[in-house]
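# Summary of the model geometry
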Amino acid sequence: MKLPRFSRKTLCIPYAVFLVFFVIIPMLVIFFYAFTDSNMHISFANFIKFFSDPTKLSTIVYSLVIALITTVVCLVIAYPVAYILARSSMKRKFVILMLFVLPMWINFVLRVNALRELFNLLASLKGLEWIAGSNYFKTVFGMVYDFLPFMILPLYTTMLKIDPSLYEASADLGASGFTTFTRVTIPLSMPGIMSGVTMVFLPSMTNYVVSDMLGNAKVTIIGKFISDYFGNDWHMGSMIALVLLVVVFVSTWLTGGFKSEENVRGANL
Amino acid sequence: MKMKRALSIALASAFLLPALTALGGCGSADTIVLRVYNWEEYIDEGGKGTFIYDELHELNDEGNPVTDGNGNHVHIQSDIVNDKYKAWYEETMGQALSEEGPAILDDFCLWYEKTYGQPIRVEYSTFGTNEDMYNEIVLGNEYDLLCPSDYMIMKLAAEGRLEKYDDSFFDESIPENYYVRHVSPFIADKFKNNAELAIRKDEAGKEIYWKDYAAGYMWGTTGFVYNPEYVTEEELGRLGWLAFTNKDYEGKITAKDNVRDTYFAALGVTYQEEARNQESSLAGLKARFEADELDAVAYTEALTRIFNATDDETIALVEPYLMDIKQNIYSFETDTGKADMVAGKIWLNYAWSGDAVYALDLAESGQDEDGEASATAYLNYFVPETGTNLWFDGWVMPKGVTERGTKKAAEAFVNFLSMPQNAMRNSYYIGYTSAIAGENREMLAYADYLYGYYPEEEYEEGEEYEAPVDYDLTYFFYGEDYGDVEHILLPAEPEQAASRQLYAQFPPEEVIARCAVMDYYDKEASERINELWSRVKSETLDAWAIIVIVVTVLAIAAFIAYVKFGGKVDFFRAKPKKGYRLVKQEDPNRI
């Protein structure tokens, strides 16, 4: 056998193999399990059960709401930070950016654990006892803490790329600072917003380590649900995973995650 | 053509992969490889904190070794790990005992090669829950020894996934059969009678008995670790399982974050007083047992039935109580309860007896897990008086050990762990109670050594002398039907006997009498229980709320889609002033 000629396409083989074994086949397996019963017969029972069970639908809704709140809070915090950092002529702004990004380099389970201890400490203070029982608040707080860098970074990089001459032009044409912000800054940073939203919204629907550790396992989000079901009933677990996949797909489509690269201005990390 | 080439390379590498891993995993040809799958932290792993290390080193209050002027550890004389023990070790393992605390798996390899003349290697891996382990087995992972709990042993056996122990394993005349020689008759009886469970049948219709498939490793009860500063034993005795729903403990009590234990507890709450009739309530059963209207076996059977009920009617009855429990508890946990208990954050922690011993020890050492001073000096353990869970973990061999030729080695592993000296080491390391009693009651000496009373002359000045109480452990060394024998009594401090480590590790006979073992759920029951658990764990919204939210989300999605793809609404552009018209934005991609 003649050795195959090395071409640029050969370089893709490891990636293709990886994709097949770790993405495509597992997805097919999930699909298969979702639509079979425990005797491995084709069945839509799980599908029907999922959409007729208020518990499961509620959990999806709760996860969506938690993820939505997390995303909005992240955006509200991150946008001014990114804006100020990108537009200021501060000498050490890199340091400030680093301070926001630095926590990402520490294992997040460790960080969430630290946060748990902090909450414990706060809850032992007078007047702050309510913290101990407010599981939803703690969960959202943990999610925001965990995902904030993922919002700041894409926003910052997009805003950095906005040509300053556009601001000057806007001012030349008589626009007020506020008008410039709404007509120039926001539209041009839209790709960063979308990218940040995608990167915060999707993981916060499934990151049940946060809800388990900070919510005392009394807050159940969809990721925890899947994990619980995989202990006993792979078929239902797969069905929930599949539904989540569809939700993720739709939200990615809506936020423009599938658009070609150049429109995103390199904001996708 | 290129496609084909790419495919062949991909295929070739796919075939090469397993070959490569196989090469990496093999030792010399005649080395036996024994694959053991055990719970996390469930065997003596050697080093600091092991029995041998702690016995041979002088430790300070923090559990660290004391050093002399030259920085060397100070060694001490131990009552158990003495010269005789060292001589035994050297003879058994073929090398001198390392004072740094050897790992038991290494010792097994030494012993096996010395005894059977064949080198062996143990591939040891761990799991976190019975269900995880079960999934691994179903997926076809090959192991030679597993350590599941009672109900999972039953499930695996009923599904025909287990291999029976050889008859020779139970032959007491073979000196290497340490298990059969040293196992506690109490455990052996429970395994023989399936602990009063209904006898299950396997796929071939044969009756299943644990003793054929499983060798006991550890056992214990479940109960409450409580902080005596806030909760009194009297109060708990009055409340029993109702502690879970008692408003005085709101936010100060925890439940387990797994359906089996929490459902069990909820059954306890449900049947504590209220039941369909007074006769079958837990309190009613207890009264009848105490009035001798029920014998011990009938009492256990009745409890087992109650605590294993999974029919629709029972689930409907239990569900509101389960919701009450969720409202009342601080958290569902599997691991954080011990630390929260020691830190004083919670008052009551529903716990397995071994975890209870760990929490009690931790509180007494005056530190929490991070080395900070603990908020509590003493914790106690309490077992609900109206019945609780008795559990066992046992070694079983999955099908295929005979074909792989590892059955003898697997049995030898169990035998090795059943040597009383090794049972002590494991028990000390993990805090649970070994199923081994010892031919010469070695475990009694061990319990006495750890938890026995101090003689009066050892009391320091100013300390109040407490006369020891006799702690009856006859059942553990003779089996529950011991009849007319001389009772085996351990003189113990009154507190140890009433509510401390001794009580947790070696529950008295009256506790055992009110215990039920868990059975496995069959397919339908498991589905019902899973659904129940998902209802409990998540908040269920009203149907109208779901509809409103779903419609809102869909509307937002539709709006975004319209903005993005409709092309008619230019979101960020104001309406054109009078006299101007909006020029449609060009698609930037077209330029």
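Going by the structure above, here's the rest.
Summarised in this report is the structure supplied together with it. (Residues numbered from 1 in each chain as written. Chains lettered and ligands numbered in written order. Predicted model: local features only at pLDDT ≥ 70, side-chain atom pairs only at ≥ 80, totals over all residues. Heavy atoms only, no water.)

## As for the overall build of chain B
Along the backbone of chain B there are 26 helices and 14 strands. Within the span of chain B, comprising 591 residues, buried residues form 50% of the whole. A fraction of 72% describes how many contacts in chain B between residues 6 or more apart in sequence connect residues 24 or more apart. Of the accessible surface of chain B, which amounts to about 28100 Å², a share of 51% is contributed by carbon and sulfur atoms. (Helix = DSSP H or I, 4+ residues; strand = E, 2+ residues; numbered from the N terminus. Buried < 20%, exposed > 50% of the residue type's maximum accessible area, 1.4 Å probe, protein only. Contact = heavy atoms within 4.5 Å. Areas by Shrake-Rupley, 256 points an atom, 1.4 Å probe, with all protein chains shown as cover.)

## Concerning the interface of chain B and chain A
Contact with chain B, which involves 42 residues of that partner, is made by 45 residues of chain A. Carbon and sulfur atoms make up 57% of the area that chain B and chain A hide from each other, which totals about 3800 Å². Between the two partners, chain B and chain A, sit four salt bridges. D340(B) is the salt-bridge partner of R116(A), the closest N and O atoms lying 3.1 Å from each other. (Buried area = accessible area lost by both parts, 1.4 Å probe. Salt bridge = Lys/Arg side-chain N within 4 Å of Asp/Glu carboxyl O.)

## Concerning the packing of aromatic side chains
All names here are of chain A. Scanning the model with the defined rule gives 65 aromatic pairs over all chains in all. Consider the rings of Y79 and F181, whose centres lie 5.9 Å apart with planes at 85°: the pair is edge-to-face. Taken together, the positions of Y79 in helix α3 (residues 54-87) and F181 in helix α9 (residues 177-206) put the pair 102 residues apart, joining distant regions of the chain. Taking relative accessible area as the criterion, F181 reaches 23% and is therefore assigned partly exposed. (Phe/Tyr/Trp six-rings, centres within 6.5 Å; stacked < 30°, edge-to-face > 60°.)

## A closer look at unusual backbone geometry
Notably, M40(A) is not glycine yet its phi reads approximately 65°, a positive angle. Here M40(A) lies in the loop between α1 (13-34) and α2 (45-52). In this structure, E41(B) is a non-glycine residue whose phi angle is positive, near 55°. Here E41(B) shows up in the loop between β1 (32-39) and α2 (51-56). Judged by relative accessible area, which is 54%, E41(B) ranks as exposed.

## Thoughts on the side chain of H235(A)
All names here are of chain A. Topologically, H235 is positioned in helix α12 (residues 234-254). Classification of H235 by relative accessible area gives buried; the value is 8%. There is a polar contact of 3.5 Å between the side chain of H235 and the backbone oxygen of D37. Setting aside residues no more than four positions away along its own chain, H235 makes contact with Y33, A34, T36, D37, S38, M40 and N46. (Polar contact = N/O pair within 3.5 Å; in protein donor to acceptor, adjacent residues only side chain to side chain.)

## So, helix α12 (residues 282-290) of chain B
All names here are of chain B. Along α12, the positions that sit buried rather than exposed are L282, G284 and L285. End-on, the buried residues of α12 take up no more than an arc of 160°, which puts them together on one face. The inward-facing, buried residues of α12 abut α11 (259-272) and α13 (296-307). Following α12 by one or two positions, D292 adopts a phi angle in the positive range, close to 65°. (Arc of directions from axis to C-beta.)

## Focus on the packing of helix α3 (residues 83-93) of chain B against helix α4 (residues 104-116) of chain B
All names here are of chain B. Closest axis-to-axis distance for the α3/α4 pair is 8 Å, and the angle between their directions is 60°. On the basis of the axis angle, α3 is oblique to α4. Within the contact between the two elements, α3 uses Y89, E91, T92 and M93 and α4 uses D107, L110, W111 and K114. Its residues placed into classes, the contact of α3 with α4 shows four nonpolar, one polar and three charged. (Axes fitted to C-alpha atoms, helices over the stretch in contact; angles between N-to-C directions. Parallel < 35°, antiparallel > 145°, perpendicular 65-115°, else oblique. Nonpolar A, V, L, I, M, F, W, Y, C, P; charged D, E, K, R; others polar.)

## Considering the pattern of salt bridges
Throughout the structure, instances matching the rule amount to 35 salt bridges over all chains. Among the salt bridges present, the one from R404(B) reaches E142(B), with a minimum N-O distance of 3.6 Å. Taken together, the positions of R404(B) in helix α17 (residues 401-404) and E142(B) in the loop between α5 (130-138) and β3 (145-146) put the pair 262 residues apart, joining distant regions of the chain. Close ionic contact of E439(B) with R181(B) constitutes a salt bridge, the shortest N to O distance being 3.3 Å. Separated by 258 residues along the polypeptide, E439(B) in the loop between β11 (433-434) and α20 (442-451) and R181(B) in helix α7 (residues 178-182) bring together distant segments of the chain. Connected through shared salt-bridge partners, D212(A), K224(A), D257(B) and K537(B) make up one network.

## Re the side chain of T254(B)
Residue and element names in this part refer to chain B. Looking at where T254 falls in the secondary structure, it is placed in strand β6 (residues 253-256). In terms of polar contacts, T254 uses its side chain to reach the side chain of N349, at 2.8 Å. The contact partners of T254, leaving out residues within four places of it in the chain, are F244, I329, Y330, S331, E333, I346, L348, N349 and Y350.

## Details of the environment of E159(B)
Residues and elements named next belong to chain B. Position of E159 among the secondary structure elements: in the loop between α6 (150-158) and β4 (162-163). According to the relative accessible area criterion, E159 is partly exposed, its value standing at 24%. Taking the C-alpha atoms as reference points, E159 and K201, 42 residues apart in sequence, are found 9.3 Å from one another. Residue contacts for E159: discarding those within four places in its chain leaves Y134 and E203. Here R161 takes part through its side chain, which lies 2.8 Å from a polar atom of the side chain of E159.

## Notes on the pairing of β1(B)
Residues and elements named next belong to chain B. In terms of burial, β1 is a largely internal element, six of the eight residues being buried. Direction of pairing for β1 relative to strand β2 (residues 120-127): parallel, over a ladder of eight bridges. Along β2, the bridge assignment pairs V33 with R121. Sheet topology places β1 next to β3; two bridges connect them, and they run parallel. (Pairing = 2+ DSSP bridges.)

## Let's talk about helix α14 (residues 312-328) of chain B
Residue and element names in this part refer to chain B. In this model, α14 (17 residues) spans 25 Å end to end at C-alpha, consistent with the 24 Å of a helix rising 1.5 Å per residue. The axis of α14 is deflected most strongly, by about 30°, at V318, and proline P320 appears within four residues downstream. Every buried residue of α14 is accounted for by T314, I315, V318, E319, Y321, L322, I325, K326 and N328. At its buried positions, α14 is contacted by β6, α11, β7 (331-333) and α25 (523-537). (Expected span 1.5 Å × (residues − 1). Bend = angle between axes of the 7 residues up to and from the residue.)

## Some details on a nonpolar patch on the surface
Residue and element names in this part refer to chain A. On the surface, Y15, F18, V20, F21, F22, V23, I24, I25, M27, L28, V29 and L245 cluster together into a nonpolar patch covering about 1100 Å² of accessible area. If one sorts the elements of the nonpolar patch by residue count, α1 sits on top with 11 residues. Mapping L28 onto the fold places it in helix α1. (Patch = residues over 30% accessible without salt bridge, like charges linked within 9 Å, V, L, I, M, F, W, Y side chains within 5 Å.)

## Remarks on a negative patch on the surface
Residues and elements named next belong to chain B. On the surface, E40, E41, E45 and D132 cluster together into a negatively charged patch. Looking at the secondary structure, you find E40 in the loop between β1 and α2. On the basis of relative accessible area, E40 is assigned to the partly exposed category, the value being 48%. (Lys, Arg positive; Asp, Glu negative; His and termini not counted. Charge placed at Lys NZ, Arg CZ, Asp CG, Glu CD.)

## Side note on the state of the cysteines
Residues and elements named next belong to chain B. Throughout the structure, instances matching the rule amount to zero disulfides over all chains. C147 carries a free sulfur, and the closest cysteine sulfur to it, the one in C109, is 18 Å from it. For the unlinked cysteine C515, the closest cysteine sulfur is that of C147, found at 19 Å. (Disulfide = S-S within 2.5 Å.)

## A short note on the environment of R260(B)
Residues and elements named next belong to chain B. In this structure, R260 sits in helix α11. You can call R260 buried: its relative accessible area is 7%. Apart from the residues lying within four places of it in its own chain, the contact partners of R260 are E131, Y151, M518, D519, Y520 and Y521.

## Examining the nonpolar core
Of all hydrophobic cores here, the largest spans 168 residues; its most connected members are F108(B), W219(B), F244(B), W395(B) and F413(B). Among all residues touching F244(B), those that are not within four sequence positions of it are F224(B), I253(B), T254(B), A255(B), A265(B), V269(B), I325(B), N328(B), I329(B) and Y350(B). Counting 57 residues, the second-largest nonpolar core is a separate cluster that includes V101(A), M143(A), I193(A) and F201(A). (Core = buried A, V, L, I, M, F, W, Y, C linked by side-chain atoms within 4.5 Å.)

## A word on the packing of α11(B) against α14(B)
Residues and elements named next belong to chain B. The N-to-C vectors of α11 and α14 enclose an angle of 100°; their axes lie 9 Å apart at closest approach. The orientation of α11 relative to α14 falls into the category roughly perpendicular. For the pair formed by α11 and α14, the contact residues are T262, Y263, A266, L267, V269, T270 and Y271 on the first element and T314, I315, L317, V318, Y321, L322 and I325 on the second. In terms of residue class, the contact of α11 with α14 is made up of 11 nonpolar, three polar and no charged.

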